[in-house]
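What follows is the residue order along each chain.
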Amino acid sequence: MITNATYQGDYRILVQFDDGVKRLADFLPFISSSKFAFVRKYLNKDLFRKFYFNNWGLCWGDNEFDINPQDIHDGKFDAHA
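Residues numbered from 1 in each chain as written. Predicted model: local features only at pLDDT ≥ 70, side-chain atom pairs only at ≥ 80, totals over all residues. Heavy atoms only, no water.

**Student:** What is the right way to read the sheet that holds strand β6 (residues 65–67) from this model?
**Tutor:** Strands pair in a sheet through their backbones, by hydrogen bonds, and they do so in one of two ways: parallel or antiparallel. Judged by pairing direction, the sheet is antiparallel, and its 3 strands sit side by side in the order β4-β5-β6 without closing on themselves. Each edge of the open sheet is held by one strand with a lone partner, namely β4 (52–54) and β6. Ignoring strand direction, the axes of neighbouring strands in this sheet form an average angle of 35 degrees. In this sheet, β6 lies alongside strand β5 (residues 57–60) in antiparallel orientation, the contact comprising 3 bridges. Following the sheet pairing, L58 is matched in β6 by I67. (Pairing = 2+ DSSP bridges. Helix = DSSP H or I, 4+ residues; strand = E, 2+ residues; numbered from the N terminus. Axes fitted to C-alpha atoms, helices over the stretch in contact; angles between N-to-C directions.)

Below, the structure is given as structure tokens:
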């Protein structure tokens, strides 16, 4: 389960889990390649920064879309230098 998530600039969020794992996730590739306009609108950084987390993962909008926390935990969105 996610215990904390903090915006790190651009489309990156540092996500911490209850088992001690921390992941710096970069969501730019996911958002920019989405075929869904309701996801791509979060290329607007002002909107992107308004994420929140709950038991279902990272969320945007009024549950407009969310990211599975297990995918983040497993490194699917890891930021690369």
